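Now for the letters of each chain:
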Amino acid sequence: MKISLNINGTMQEVSVAAGDSLLKVLRGLGYYGAKHGCDHGECGACAVLLDGKPVNSCLLLAAQAEGHSIQTIEAMGEHPEQGWKTTDGLHVLQQAFIESGAIQCGYCTPAQLLAAKALLERNPDPTEEEVRQALSGVLCRCTGYAKPVQAVLHAAAVLAGRASAGPASEGGIPVSGAGFWGSDQAPGDEIAEPEMPSGPALPAVQTRPKARVVATQSSGALQRVGKPEIKVDAVKLAQGKPAFTADLELRGMLYAKVLHSPHAHANIRHIDASRARALPGVAAVLTWQDIPRVAYSTAGQSDPIPGPLDTFSLDHKVRFVGDRVAFVAAETEEIAEQALKLIDVEYEQLPLLLDPSQAMQPGAPRLHDEPEFVNFADSDPSRNLAAEIRIDIGDVEKGFAEADRIFEAEYEVPKVQQAHIEPHVAVTYWDENDRLVIRTSTQVPFHIRRVLAPVLKLPVKRIRVIKPRIGGGFGGKQEILIEDVAAHLTIATGRPVIYEYSREEEFTAARSRHPMRVRMKTGVKMDGTITANSMEALSDTGAYGCHALTVTGNTGHKAMALYVGDGPYRKNPNIRFYADVVYTNHPPAGAYRGYGVPQGYWPLERHMEKIARAMGFDPLEFRLKNALRAGELHPFSTAWSEGREPRPETIQTCGLEECVRQGKAAIGWDQKYDQVAWHDVPGKPHLRKGVGVAMVMQGTAIPYLDMGAASIKMNDDGSFNLLIGATDLGTGSDTVLAQMAAEVLGVRVEDVVVYSSDTDFTPFDKGAYASSTTYISGGAVTRAAQKAAEQIRQRAANMLNERLKASGAQPLSADLIHLADGRASAPGGEFVTLAEVAYNALHHENQEQIMAVASYMSPVSPPPFAAQFAEVTLDIETGQVKVDKLVMAVDSGVIVNPLTASGQIEGGMTQALGYAVCEEMVYDEQGQPRERDLRDYHIFLAHEMPELETIFVETYEPSHPFGVKAVAEIPMDGVAPAVGNAVLDASLYAPDGLGVHINENPVTPEKVWRAFMRPADQASA
Ligand code: FES
Ligand code: FES
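Residues numbered from 1 in each chain as written. Chains lettered and ligands numbered in written order. Predicted model: local features only at pLDDT ≥ 70, side-chain atom pairs only at ≥ 80, totals over all residues. Heavy atoms only, no water.

Chemist: Tell me about helix α5 (residues 146–159), and name the residues and values.
Modeler: For α5, with 14 residues, the first-to-last C-alpha span of 20 Å sits near the 20 Å given by 1.5 Å per residue. Across the 14 residues that make up α5, a large majority, 13, are buried. Gly161 sits one or two residues past α5 and shows a positive phi near 80°. (Helix = DSSP H or I, 4+ residues; strand = E, 2+ residues; numbered from the N terminus. Expected span 1.5 Å × (residues − 1). Buried < 20%, exposed > 50% of the residue type's maximum accessible area, 1.4 Å probe, protein only.)

Chemist: Give a description of the packing of helix α4 (residues 128–135) against α5 that names residues and reports values.
Modeler: The contact between α4 and α5 brings their axes to 10 Å, and the two run at 120°. Taken together, the axis directions place α4 and α5 in an arrangement best described as oblique. The handedness of the crossing between α4 and α5 comes out as right-handed. For the pair formed by α4 and α5, the contact residues are Glu128, Val131, Arg132 and Leu135 on the first element and Pro148, Val149, Val152 and Leu153 on the second. Of the residues belonging to the contact of α4 with α5, the class tally is 6 nonpolar, no polar and 2 charged. (Axes fitted to C-alpha atoms, helices over the stretch in contact; angles between N-to-C directions. Parallel < 35°, antiparallel > 145°, perpendicular 65-115°, else oblique. Left-handed = near helix turned anticlockwise from the far one by under 90°. Contact = heavy atoms within 4.5 Å. Nonpolar A, V, L, I, M, F, W, Y, C, P; charged D, E, K, R; others polar.)

Chemist: Describe in detail the pattern of salt bridges, supporting the description with residues and values.
Modeler: Going through the model one piece at a time under the given rule, you end up with 65 salt bridges. Residue Asp380 pairs with Arg383 through a salt bridge whose shortest N-O separation is 3.1 Å. One salt-bridge network, held together by shared partners, links Lys231, Asp233, Arg469, Asp728 and Asp734. (Salt bridge = Lys/Arg side-chain N within 4 Å of Asp/Glu carboxyl O.)

Chemist: Just give me the short version of the sheet that holds strand β19 (residues 463–466), but keep the residues and values in it.
Modeler: Spatially, 7 strands are ordered β11-β13-β9-β20-β17-β18-β19 in an open sheet, and the strand pairing comes out mixed. For this open sheet the edge positions go to β11 (282–286) and β19, each flanked by a neighbour on one side alone. Within this sheet the neighbouring strands show an average axis-to-axis angle of 20°, counted without direction. Sheet topology places strand β17 (residues 425–430) next to strand β20 (residues 497–500); 4 bridges connect them, and they run antiparallel. Residue Thr428 lies in a different strand from β20, and its bridge partner there is Val497. With respect to the sheet, helix α12 (residues 483–493) is in contact with β9 (254–260), β11, β13 (324–330), β17, β18 (436–440) and β20, its orientation differing from that of β17 by roughly 25°. (Pairing = 2+ DSSP bridges.)

Chemist: Mind laying out the environment of Ser512, listing which residues take part and the relevant values?
Modeler: By the secondary structure assignment, Ser512 is in the loop between α13 (503–509) and β21 (516–524). By relative accessible area, Ser512 is classed as buried at 1%. Ignoring anything within four residues of it in the chain, the contact list for Ser512 reads Lys415, Val416, Gln418, Pro588, Ala589, Gly590 and Met921. Looking at Ser512, its side chain comes within polar contact range of the side chain of Lys415, at 3.0 Å. (Polar contact = N/O pair within 3.5 Å; in protein donor to acceptor, adjacent residues only side chain to side chain.)

Chemist: Residues and numbers for the side chain of Thr531, please.
Modeler: Relative to the helices and strands, Thr531 is located in strand β22 (residues 530–542). Look at Thr531 and you get buried, because its relative accessible area is 1%. A distance of 2.7 Å separates the side chain of Thr531 from the backbone oxygen of Gly399, its partner in a polar contact. Beyond its immediate sequence surroundings of up to four residues, Thr531 is in contact with Gly399, Phe400, Glu402, Ala403, Gly523, Val524, Lys525, Tyr569 and Asn574.

What follows is the structure, encoded as structure tokens:
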């Protein structure tokens, strides 16, 4: 039928089907700012304004919108300069989002902006609470909402004339609050509350981004590194430009759907796709009989993949509810869905393995009996063992024998979801050269090309992988998860194919965090010295062993390295980490931000807390007494390296003590911990306050393995193209890499045009994982920029010498030329601009392209350290836990961009908060998942957030040209145990004073309530 829609003030006549949603119609018309994030109105990414009010366009029929005015992000504002045409520019809200770092992946940004616009139109002077309520319909998995809220309040102040849009940066886009981030402090100075920017006053809000930088060592005077530069992709994301994978429509594109298994373990005895193939509009149906049988691993990792090859694109056996049974490509999504129902499958159900401890018992059914299975290291499919780890450092039994007390306990951590708002999505097509193009939302484009080549029976050179903007990944897109589906269907049909996961598929068929049972045993002397520490983990990898060895290995490698003991034990620690990583009929686990380390810190830091309290130690002093320090050997560096040869590594920088000092002051530890009166809430006898801490460390990249490369070329105007294989997931890595290049080349960040990543055009990069991009890819960018800078200096010296010749001055050598402010300057002040150098090189004299390529691989993995604090209010009658405040003081080396780095911390703490109190994926006795959408699986909303505070304790890591370490993963590690410890603290002030020890996260009201109900003699379990 034909309807007329008023979109952004223009009437448009469109043909729609009766059931078409407004979202589908808008995107079909090219309004790509409305995003798809779920299926049932849960995420808000599709929001548009209908008569000025936000609505989820996925829930509204297009026909229902007739007669109403529809506003999309495309009409909100646009880039102010468009060649000879100027526009009204960006909306104040867009400007504020850009300036304040409110945009990370940007997938939720159009919806947040529209929701904020509607708010300010009806309420120009909202409170923070009202802003949070207005944004509560739009889920954001990246930001923790702190900066978006700040941006809306700032925009309101600008619109009301209470603030200006902020001082303009050199690039013409104002950056408000530049002074907010500055670090004028001397090493070790007591820090004061952060100063507000000297320009326009930012409104006071509860959760303003409070990141502070405390320098413990000088990183020198830098122009671009260390500055809150706005993200290089922020302007396009604020406009809702078609930057994501699904924002591409190709002529003749087919829609893919996958038939998933309803059973957790079954053989496919018979499959008949003839009825589906006969359905008009169906272009192809593929079953295991139709495609090559190639064993591979879906883990996006370097060669050799450190895990078993145990997966096929399609198999005749299914191993979890949600496993693949058949692929369909059809003219429309609806036809593809219909076709799935016409595929007849006869299953032979097999006994289930849902408990990892039973899966290893003799006689247990075997999940992987296929002859093509390829072992890696200690995987043993006959015992359902995907990986086995046995690490003994020192003499652990002797250490226990030397202890005065031994503490043992068992802990459990759940399976949880990355829940990026953009689902997995890939588009495949043949190009005019018969090469297969895979456009995909991935963290690992180069690994996809290498791993899929044999699966698709194509040589690597006939595959091109393009990564556009990514709407969040968090490790979930370090998996080669869906690209093969679309690719097989393109090969089968010769046509472009798009495959996008539904939200239900994200929960039932995508990867998740490994759940584990962990047994801790720790020996302690009466003076608080740890003499031996042991962790034994039973990890459930689910049906396939992708990331089995490496995730669980990191659980021990990063968590158990932190406490080495004191005195003689410091040099010769006794540490044990054993793990069995077991196949079950649960959906496969994989990579998730933190990569196994949060699973280690829940048991470790809950255990340390119990020991400290049982022995009467101050929990901070006890931890610091035993913690690893700078100058000491990373205890695992000689014991394990993800299945490769381990090599000794000394810790060069550790700001942990300063982190504790700063974090303790920020949370008000001395006024709260052990202070009886503080724990009461006046007038509310059922409430108790509690405060808790956890200390953590992570790693920075994988030594002797991770490699990134970069290429830089100079343009006529003195600008540069920076080509990198690194993949920005929304973290801001493109921006920090541009900052490093700009620093070396002496230009503005906006003079560095970043392109990432495309396997045809950008150099190799192992991808975005292991907290490595700033460090590894940044090393490559810095080297490439240094090489290009040498060429510029040489040419500039020649040019200046030519000019100076007449004056008889001594010729300048290239090493005297200084690059800054877009100029190449001699010590005497003479200069040529970089544009003049570029013209000279490209057009005038001994013509050449100034460009350089460089790679970087690190022999070390310098750990960042952090102290995480939490303050909670506990309802001792219902078990309800409310987290009031999180403070994270983190040593991530030199902070290249405080705006993006603090966004990483805020977003990471927010994800970790879900891990602490509400997120978990549960399965019934048939292996059926309980959580299938974002209603059942709750992630934090804007109005539910606690106060967040970030403090950067800067150290200078000498192994990197700019002194950086990692920042992206460490915020995942400490929140859950800090919250668990704070709940214990609060519960100790309940009337019985016994406290509740919750050993399984998340700390749900039910668990706390049940713990309170336990008989007194079990209270300290
Ligand atoms: S609410 Fe519409 S796509 Fe999620
Ligand atoms: S910035 Fe909000 S989902 Fe990524």
